[in-house]
Amino acid sequence: MLTLVPIGFNLFAAVVILILSRVKANIGRVWLIAAIFSLSNWGIILGFRWLYPLQINFPEWFPLGEISQRGIFLQLDSISWPLLLALCAVQTAVIITDSSRLDEIPSPSIWSGLFLVYSVGYLAALINSILSILLVWALVDIIEFMILIRTAISNQKVNEIVVSFAIKILGLFFLIFGLLISYEQGTPLSIGQEVNSVGFIVLIAVGLRLGVIPFNLPFVSGSPIRRGLGNSIRMVSVATSIIILLRLPMGNFEPRVLGLLLTFTVIGIFFGAIMWYGSSSELEGRPYWIVSMAGLAIYSSINGNQIATLAWTLALILSGSVLFLYSARGKKLGMIPLLSLIGITGLPFTPSVIGWEGIIMSTGFIRNIMMVLSISLIILGYLRHATRLESLLIQKEKWIWITYPLGLTILIITQWTIFLVSDLQWYLSGIVLGSIVAFLLPIIFYFLIQKYFQKSEYSDFLKKVLTPIGDFIIRFLSFRWIYNLIWSILGVIQKFVNAMTNILEGQGGIIWVIVFLVMIITLITSGDLS
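Since this is a predicted model, take the numbers as computed values, not measurements.

**Student:** Just give me the short version of empty space enclosed by the protein, but keep the residues and values in it.
**Tutor:** Evaluated as defined, the whole model comprises two cavities of 30 Å³ or more. Reported here for the largest cavity is a volume of approximately 70 Å³. Every residue lining the largest cavity is listed: V117, V120, V140, I143, E144, I233, V236 and S237. In this structure, the second largest cavity encloses a volume near 40 Å³. Around the second largest cavity, the lining residues are D141, E144, F145, L148, I161, S164, F165 and K168. Where the lining of the second largest cavity is concerned, the elements lending two or more residues are α6 (130–151) and α7 (155–184).

The following block contains the structure:
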């Protein structure tokens, strides 16, 4: 039962905070209680490092034949513990950094919803059966849809949320389809066993949920409360989607299929990295951060390296959250995201070093070059967004000067703690040349851009020439133009259907029905006579 302690603790905290919000308690006190609950849970999960493996089983809970015999398994092990601690760290960081955004919080009850969202995330991190994954995916999608639809501020946003929900449900159905095929072939999907022939279907399911399949990009929706709740929904969604890649080895693809999968994935990563760098802000670029970093995790999974998949997932969640929660800024405070940047470089003996083992292969020289360039662009985009000055921390109350940096720092501490105390043996030199090149290239380009593009006498001229080109590339790679075309076609169809409906429902509707019936009968009979 110890496995369920973090989830139960979070649910209890959600109830307490909801009650406090109902009795109109002071928002500052509610924030303090929420922060204490989160920090306590982080400490509990950290302590579980020396207790796992832990497992709880709910067998034959529902009459689904052979599937029910496998039941629902929740397991805390070397794979689930890092993901569980990372999610708890993000939850803690969101609540603590909310101290700088208390005036933007509509109600303290939003933290109750936050605890509920992360409870589902914890459940996803612990699942160890296919049936559990299906249920958690459905649960996450429903909760995310309900939260987003209640916070939608325009009809266009509602449409995007509905389409996003539909695409994720499509990913769920792809996984069910793959499960059925595996049963038909006599090799049912099972945790820890290679997926083999249905691996491609599983990858499609994960790609649809993450937006790695490019046409999903415009509809990776977020909440209007983008720093806290929006980041939480995105990171929990990422964790619940990638968990299946951590539990199911992809197996051995045919060489031609493997080459095509890796090529398409690296192209998606490269385009996502370009979009990430070219985004106007880190929040606007968050979907592309998720696409590019999740692409690295998927690429590693295709190559059969699950530990590398875990490393890139942790970098996505933890290093990404540092930047996305970095709303109140300052020159000295700017060291925090720069320290977090080390967590995604994969330099020797750093947290993501094992990640390079999953993306650089002895074959596929062009793909290796594209991968190094992609990571360089990701780092360059991170530098660009981290060094922009917006709201200054010095403008906040002095007590926030302590709590706010603490919230960001706990994410960095968590990533390094996982690296140092995990039993996965990540202490490696890694791909030394690739990681150093991918780190130095963006550093050099960043300083060249600062010196010759932003501060030179030709900077205005260069901006006038390059900005329209860059805007065109970003609009093209965002694939929103394809969706606008689809919406236009659907709009024409909708107008036609509405016109036909008005005709048939009008006073002459019966006459038109008779006319259509006569036309259909005439066509049928003429076809028979011929």
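**Student:** So what's going on with the pattern of salt bridges? Which residues, and what values?
**Tutor:** Applying the stated criterion across every chain, the model contains four salt bridges. In this structure, D141 engages R209 in a salt bridge whose closest nitrogen and oxygen atoms are separated by 2.9 Å. Linking D141 in helix α6 with R209 in helix α8 (residues 199–210), this pair joins segments that are 68 residues apart in sequence. Each member of the pair, D141 as well as R209, is classed as buried. R234 serves as the salt-bridge partner of E144, at 3.6 Å between the closest nitrogen and oxygen. In this pair, E144 sits in helix α6 while R234 sits in helix α9 (residues 226–247), placing the two residues 90 residues apart along the sequence. The same class applies to E144 as to R234, namely buried. Among the ionic contacts, a cluster of salt bridges with common partners joins E144, K168 and R234.

Here is what the cut-offs are and how they apply
Residues numbered from 1 in each chain as written. Predicted model: local features only at pLDDT ≥ 70, side-chain atom pairs only at ≥ 80, totals over all residues. Heavy atoms only, no water. 1 Å grid on protein atoms, 1.4 Å probe; cavity = no way out; pocket = protein on both sides within 12 Å on 5 of 7 lines; lining within 4 Å. Points joined across faces, edges and corners; volume = space filled by probe spheres on them. Helix = DSSP H or I, 4+ residues; strand = E, 2+ residues; numbered from the N terminus. Salt bridge = Lys/Arg side-chain N within 4 Å of Asp/Glu carboxyl O. Buried < 20%, exposed > 50% of the residue type's maximum accessible area, 1.4 Å probe, protein only.

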